[in-house]
Amino acid sequence: MKALVTGAARGLGLGLCTVLKSRGYDVIAACRTATPEIEALGVRVVAGIDLSTQASIAALRAGVGGEKLDLVVCNAGLNASFAAVKLSEVDLDVMAYEYQVNALGSVRTAIALTPALNEGAKVIFITTGSGVTGKSPPSPGQWGYRMSKMALHTMAYQLSAELRPQGVAVRLVSPGAVNTDLMKRIFAAGRITTAPDTLPSPVAAAERLYPRIAELTLETTGQWVNFSGEVWG
Ligand SMILES: NC(=O)c1ccc[n+]([C@@H]2O[C@H](COP(=O)([O-])OP(=O)(O)OC[C@H]3O[C@@H](n4cnc5c(N)ncnc54)[C@H](OP(=O)(O)O)[C@@H]3O)[C@@H](O)[C@H]2O)c1
């Protein structure tokens, strides 16, 4: 079984590569810049994948070559706006970049890799509990992060219908809070009080998320679930 993970060089992506490899997957780790940690894992590293660019589509295809994939995990994402600003104070360039990576980066990954999917393959989009109104209270300042994840949700839902005839299942999965650089920056900005080092490590978070990948079938395609399997949409 062959899997590709984006944003694989650190954080949750690195944890996912570690867990998928331990489950016997032949892993392709797509990243902007390789780290010693992903190099040491003994998986195939495809660097130079900046998902904010159109060039990432061709770069991903070239990285995969003619190989067929059984699993794609669209994990790359960023939260670039930590200040609790009002809507009128939002930096629209930052918001646009969050869209470029969180929403359009996942679109680019899907465009690039859909032709490489085996029948019965799975596509997982890593999202957030803060991506939906009603699941999480308003978080001042998080305009672009939350809006871009909602755009991702719409795309994934649409894609699930498009890929069903190919036997490919799609799911949005929220990992819950994880001790990564993203969470450390949120803590440093005073936006959360939970110390990041009390949160699950990226590998532990990937372990608890893995069943949500393994259990996915066409019966449940199009769903949004959290790491413990609660269906959120
Ligand atoms: N940590 C949490 O508590 C938490 C909670 C809910 C959801 N999530 C989601 O989990 C995913 C991973 O986040 P994380 O916590 O592991 O954050 P992280 O430690 O900040 O890592 C972010 C990853 O995304 C990649 N990335 C950012 N911009 C990119 C771009 N332009 N092109 C390609 N890759 C890019 C980074 O690559 P570089 O190394 O090249 O920067 C890195 O691998 C995100 O989708 C995030 O929304 C995390």
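Structure shown above.
Attention here is on the structure that accompanies the text.

### Observations concerning the overall build of the chain
Stage number 1. Across its full length, the chain carries 7 helices and 7 strands.
Stage number 2. Helices and strands appear in the chain in the N-to-C order β-α-β-α-β-α-β-α-β-α-β-α-α-β.
Stage number 3. Relative to its length of 233 residues, the chain is compact, with a C-alpha radius of gyration of 17 Å against a globular reference of 17 Å.
Stage number 4. With respect to the three principal axes, the spread of C-alpha positions in the chain is 45 × 40 × 35 Å.

### Description of the sheet that holds strand β1 (residues 2-6)
Stage number 1. Pairing is parallel across the open sheet formed by 7 strands, whose spatial order is β3-β2-β1-β4-β5-β6-β7. This sheet does not close on itself; its edge strands, each paired only once, are β3 (44-46) and β7 (223-226). Neighbour-to-neighbour, the strand axes of this sheet turn through a mean angle of 20°, independent of strand direction.
Stage number 2. Both β1 and strand β2 (residues 26-30) contribute to a ladder of 5 bridges, which runs parallel. Paired with Lys2 across the strands is Asp26, a residue of β2.
Stage number 3. Along the sheet face, helix α1 (residues 11-22) touches β1, β2, β4 (69-74) and β5 (117-126) and points at about 170° away from the line of β1.
Stage number 4. Running at roughly 170° to β4, helix α4 (residues 92-113) makes contact with β1, β4 and β5 of the sheet.

### Concerning the site of the ligand
Stage number 1. By nearness alone, 29 residues border the ligand, and Gly7, Gly11, Arg32, Gly77 and Thr180 come closest of all.
Stage number 2. Secondary-structure elements contributing two or more residues to the shell around the ligand are α1, α4 and α6 (181-188).
Stage number 3. Each residue belonging to the shell around the ligand can be placed in one class, and the counts come to 14 nonpolar, 11 polar and 4 charged.

### Let's talk about the pairing of β5
Stage number 1. Burial analysis of β5 places 7 of its 10 residues in the buried class, the great majority of the element.
Stage number 2. In terms of strand pairing, β4 meets β5 through 5 bridges, oriented parallel. Across the sheet, residue Leu71 finds its bridge partner in β5, namely Lys122.
Stage number 3. Once you follow β4 into α4 and on to β5, the crossover reads as right-handed.

### Considerations on the nonpolar core
Stage number 1. Ranked by size, the top nonpolar core spans 65 residues in total, and within it Val5, Cys17, Ala29 and Ala30 carry the most contacts.
Stage number 2. Setting aside residues no more than four positions away along its own chain, Ala30 makes contact with Leu4, Val5, Thr6, Ala8, Val46, Ile49, Leu60 and Gly63.

### Side note on the environment of Thr53
Stage number 1. Secondary-structure assignment places Thr53 in the loop between β3 and α3 (55-64).
Stage number 2. Residue classification places Thr53 among the partly exposed residues on the basis of 14 C-beta atoms within 10 Å.
Stage number 3. Sequence separation between Thr53 and Leu104 is 51 residues, and the spatial gap between their C-alpha atoms is 9.1 Å.

What counts as what
- Sequence order sets the numbering: in each chain, residues are counted from 1 along the sequence as written.
- Local features are withheld for residues below a pLDDT of 70 in this predicted model, meaning they are given only at 70 or higher, and side-chain atom pairs are given and counted only at 80 or more; totals for whole chains, interfaces and linings count all residues.
- Put simply, DSSP marks the helices as runs of H or I at least four residues long and the strands as runs of E at least two long, and each gets a number from the N terminus on.
- A radius of gyration in this sense is built from C-alpha atoms; the matching globule rule multiplies 2.2 Å by the number of residues raised to 0.38.
- Here the rule is simple: two strands pair whenever DSSP picks up at least two bridges between them.
- Only the stretch in contact is used when a helix axis is fitted, and all axes are lines through C-alpha atoms; the angle between N-to-C directions ranges over 0 to 180 degrees.
- Contacts are defined on C-beta atoms placed from the backbone: any two residues whose C-beta positions lie within 7 Å are in contact.
- Proximity of a residue to a molecule or strand is defined by its backbone-placed C-beta atom lying within 6 Å of that partner.
- Note on residue categories: nonpolar means Ala, Val, Leu, Ile, Met, Phe, Trp, Tyr, Cys or Pro, charged means Asp, Glu, Lys or Arg, and polar means any other residue, Gly included.
- Three exposure classes are used, based on other C-beta atoms lying within 10 Å of a residue's own C-beta, which is placed from the backbone: buried for 20 or more, exposed for 12 or fewer, and partly exposed in between.
- A crossover counts as right-handed when, viewed with the strands pointing away from the observer, the path leading from the first strand over the helix to the second turns clockwise.
- Each nonpolar core reported here comprises buried Ala, Val, Leu, Ile, Met, Phe, Trp, Tyr and Cys residues connected via C-beta atoms within 7 Å.

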